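Residue-level structural notes
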Amino acid sequence: MMSISRLDRALKRRSFRYFKWRSNRDFQHQIDLQKEFLLIYQMGKVGSSSIARHLRGQLDNWEVFQIHTLTESGARRVEDRYRLASAIRSKSLLDRHILESRYLMSLPAEATKSPLKTISTVRDPVARNISAFFQTFEVDFAQKYLAAGENASLKDFEIDDMVKTFLYGSARFRHDYPLVWFEEELKQSLGIDIYAAPFDHKKQLQRCNNSRCDLLVMRMEDFPTSLAPSLEAFLGIKVGEVSRSNEGSKKQYANVYANFVDQIKLPEKYLDDMYGSRFARHFYTREEIERFRAHWSK
């Protein structure tokens, strides 16, 4: 006879599968295949939500997708994280971006116009990781939430404990994710090697093309000066100024986020790994990297 705990886990798994199936079904009914597709395909916490929200309001004849993965391994990794967190928290957790990814991955190549217009964005990898840590804390560290109580929030955790959790808390939180995202995702799914050509620091962007993808890459740090004009040149339409959204400094946990950033001092080895990476050296100058290091070494 199945034990109560095993039965409980089985029911939670089935509940998550049903929730994912229903969410996918509901999402697919919203898509208009007669429209052109625009992908905002990036690693997360790099300013993409602001762009997606703005362009969805501007582009009536486009379906705008905001996604982090187009590979089977990437999609399974995301779903496994949400499945585990859903079981621990006894509630279904799933973000829209994985529904969009699964939908796009299910389409035959002839269903979409080629090359696909694709926008990707990057950011100081340390700042990106800290922002992602806060955004996904409920998913990646669900056990801590459970221990803190049903109605726990980020405000209930000590900053020192959160700093230790960020650095050493879970193998599910990948600090190397921004460093390898372009090889694991963009190169695998759309066949573009971002490192085959240099980033244009003067224009504050990089353009890459092949038969499957027409790609624009921008840095989040350049958004105040180049975001709108770069989007307009890429899309061939007037898009106007893009307001920022989904920033940790503006969310309910803003005070916790600010205290965390103020108190954290990262190990030199961590900074070496982040800023000595191929990713950092490709998108940022030596002077910019030195400024980043100085900021996080304070």
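Scroll up to find the structure this text is about.
Sequence order as written defines the numbering, with residues in each chain counted from 1. Given that the model is predicted, a residue must reach a pLDDT of at least 70 before its local features are reported, and side-chain atom pairs must reach 80 or more before they are shown or counted; all residues, however, enter totals for whole chains, interfaces and linings. The basis for the side-chain values is all heavy atoms of the structure; hydrogens and waters are excluded.

1. Considerations on helix α10 (residues 223-235)
- Type-normalised accessible area, obtained with a 1.4 Å probe on protein chains alone, sets the label of each residue: buried when under 20%, exposed when over 50%, and partly exposed for intermediate values. The helix count covers DSSP runs of H or I at least four residues long, the strand count covers runs of E at least two residues long, and both are numbered beginning at the N terminus. Buried within α10 we find F223, S226, L227, A228, S230, L231, E232, F234 and L235.
- Contacts are assigned to residue pairs with any non-hydrogen atoms lying within 4.5 Å of each other. Against β1 (36-41), α2 (48-58), β3 (116-122), β4 (206-209) and β5 (213-219) lie the buried residues of α10.
- Of the residues one or two after α10, G236 is the one with positive phi, at around 75°.

2. With respect to the nonpolar core
- Grouped together as the largest cluster of nonpolar side chains are 71 residues, with contacts concentrated most on F134, F166, F182, F260 and W296.
- For F166, the residues in contact, after removing those within four places along its chain, are N129, I130, F133, F173, H175, F260, I264, L266 and Y270.
- Here the nonpolar core consists of buried residues drawn from Ala, Val, Leu, Ile, Met, Phe, Trp, Tyr and Cys, with membership extended through side-chain atoms lying within 4.5 Å. One finds L38, L205, L216 and L235 within the second-largest nonpolar core, a separate group that totals 20 residues.

3. A word on the packing of aromatic side chains
- We call Phe, Tyr and Trp rings a pair once their centres come within 6.5 Å, taking the six-membered ring for Trp, and we label the pair stacked below 30 degrees between planes, edge-to-face above 60, and tilted otherwise. A complete count under the given rule lists 23 aromatic pairs for this structure.
- Ring geometry for W181 versus F182: centroids 5.0 Å apart, planes at 85°, classification edge-to-face. Across the pair, F182 and W181 agree in class, each one buried.
- Among the aromatic residues, ring-to-ring pairing joins F133, F134, F137, F157, F166, F173, Y253, Y257, F260 and Y270 into one connected group.
- Against the face of F234 rests K117, its NZ or CZ located 4.1 Å from the ring centre. In this scheme, the term charge over a ring applies when either NZ of a lysine or CZ of an arginine sits within 6 Å of the ring centre and within 35 degrees of the ring normal.

4. Notes on the side chain of R219
- Within the secondary structure, R219 sits in strand β5.
- With relative accessibility at 4%, the residue R219 sits in the buried group.
- Here the side chain of R219 touches D222 through a polar contact of 2.8 Å, side chain to side chain.
- Setting aside residues up to four positions removed in sequence, R219 forms contacts with V122, F199, H201, F283, Y284 and E288. Any pair of N or O atoms that falls within 3.5 Å is considered a polar contact. Within protein, one atom must be able to donate a hydrogen and the other to accept it, and sequence-neighbouring residues count only if both atoms are side-chain atoms.

5. Let's talk about the pattern of salt bridges
- One side-chain nitrogen of Lys or Arg within 4 Å of one carboxyl oxygen of Asp or Glu is enough to make a salt bridge. Applying the stated criterion across every chain yields a total of 18 salt bridges.
- Here R219 and D222 are joined by a salt bridge, their closest N and O atoms 2.8 Å apart. The same class applies to R219 and to D222, which are both buried.
- Three or more residues joined by partner-sharing salt bridges are found here, namely E72, R76, E79 and R102.

6. Focus: the packing of helix α5 (residues 125-135) against helix α8 (residues 159-168)
- Axis definition: a line fitted to C-alpha atoms, limited for helices to the stretch in contact. Angles are taken between N-to-C directions and run from 0 to 180 degrees. Relative orientation of the contacting elements α5 and α8 amounts to 110°, with a least axis distance of 11 Å. As the angle between them shows, α5 and α8 are arranged roughly perpendicular. Viewed along their axes, α5 and α8 form a crossing whose handedness is right-handed. Of the residues in α8, those in contact with N129, I130, F133 and F134 of α5 are M162, T165 and F166.
- Each residue is assigned to one of three groups, with Ala, Val, Leu, Ile, Met, Phe, Trp, Tyr, Cys and Pro labelled nonpolar, Asp, Glu, Lys and Arg labelled charged, and all others, Gly among them, labelled polar. The residue makeup of the contact of α5 with α8, split by class, is five nonpolar, two polar and no charged. Note on terminology: angles under 35 degrees are roughly parallel, angles over 145 are roughly antiparallel, angles of 65 to 115 are roughly perpendicular, and the others are oblique. Helix crossings fall into two classes, left-handed where the near helix is turned counterclockwise from the far one by less than a right angle and right-handed where it is turned clockwise.

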